[in-house]
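Structural characterization, general
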Amino acid sequence: MKFEIANLAFAAIATLGVVAGGATAAHAAEQDIVDTAVAAGQFKTLAAALGGAGLVSTLKGAGPFTVFAPTDAAFAKLPAGTVENLLKPENKDKLTAILTYHVVPGRVMAADVGKVQEAKTVNGKMLMVSTKGGGVMINDAKVTATDITATNGVIHVIDSVILP
C-alpha cells in the first residue's frame, strides 16, 4: 500500500519531462541521497537543516526514499531569520517535521507517475499533487527537475519549501 501511494505521488510529474543529464545522473547513482544533494551544490541549506534535525544518517540509510528537495533559493524565499530559528536546538522537532514532509517512502521515478492528487509523506501528512501551467506542483512548490537518482532513492527538485 505504501509503495502504491508513493507511486501515485508522481502521477503528474511525468508531464514535466525534465530529467537530469546522463553524466550527472550516472555519477549521482553512485552516491546516497545526502551525498548526491551535497555534490549538486544547490542544496547547502537543506544539508545544514538535515544535520540540524539529525536526519543525515536516516537519508544515508537503505531507503529507498523519494525526496522533494528545496534548493538554496527556495529556502531564501522564507521570511528572514526562519532558517536560523529552525536550526536552533529547541526547534529540532519542528525542523524534523518540515523536512520529513519533503520525503515519500519508496523510489518513485517520473516515468512511474499515474494520476494522483495526494501522497503520504514520512511524517504522516499528505502532500497535494497537481499540474499547473504545464508543470507539476507539490502543494505550492513547482517541480523543476526530476529523476536525480541515488543509491538509496531519487531526488526531485522543488522551488519552494513546503510546510506541513
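Going by the structure above, here's the rest.
Here the structure is a predicted model, which is why all the values come from computation and not from measurement.

A word on unusual backbone geometry. At the junction of Gly63 and Pro64, the peptide bond is cis and its omega measures out at 5° in the coordinates. As for its placement among the helices and strands, Pro64 is situated in the loop between α5 (56-59) and β1 (65-70). Positive phi is not limited to glycine here, since Asn139 has a value of about 55°. With respect to the element layout, Asn139 can be found in the loop between β5 (135-138) and β6 (141-150). With a phi close to 60°, Asp147 is a non-glycine residue in the positive phi region. Structurally, Asp147 is set in strand β6. Asp147 sits in the buried class, given a relative accessible area of 12%.

Leu46, Val67 and Leu99 are the most contacted members of the largest nonpolar core, which has 27 residues in total. Elements that contribute at least two residues to this core include exactly α3 (33-40), α4 (44-53), β1, α7 (82-86), α8 (92-100), β6 and β7 (153-158). At 4 residues, α4 tops the list of elements feeding residues into this core. Counting 11 residues, the second-largest nonpolar core is a separate cluster that includes Leu127, Val129, Val136 and Ile138.

A separate point is α4. Those residues of α4 that sit buried are Leu46, Ala49, Leu50 and Ala53. Angular distribution of buried residues about the axis of α4 spans 100°; they occupy a single face of the element. In the core, the buried residues of α4 are packed alongside α5, β1, α6 (72-76) and α8. Just past α4, the residue Gly54 takes up positive phi, approximately 75°.

It is worth spelling out α8 at this point. Every buried residue belonging to α8 is among Leu95, Ile98, Leu99 and Thr100, and all of these are buried. If you follow the buried residues of α8, they end up packed against α4, α7 and β2 (103-105).

The rules behind each value
Residues numbered from 1 in each chain as written. Predicted model: local features only at pLDDT ≥ 70, side-chain atom pairs only at ≥ 80, totals over all residues. Heavy atoms only, no water. Helix = DSSP H or I, 4+ residues; strand = E, 2+ residues; numbered from the N terminus. Buried < 20%, exposed > 50% of the residue type's maximum accessible area, 1.4 Å probe, protein only. Core = buried A, V, L, I, M, F, W, Y, C linked by side-chain atoms within 4.5 Å. Arc of directions from axis to C-beta. Contact = heavy atoms within 4.5 Å.

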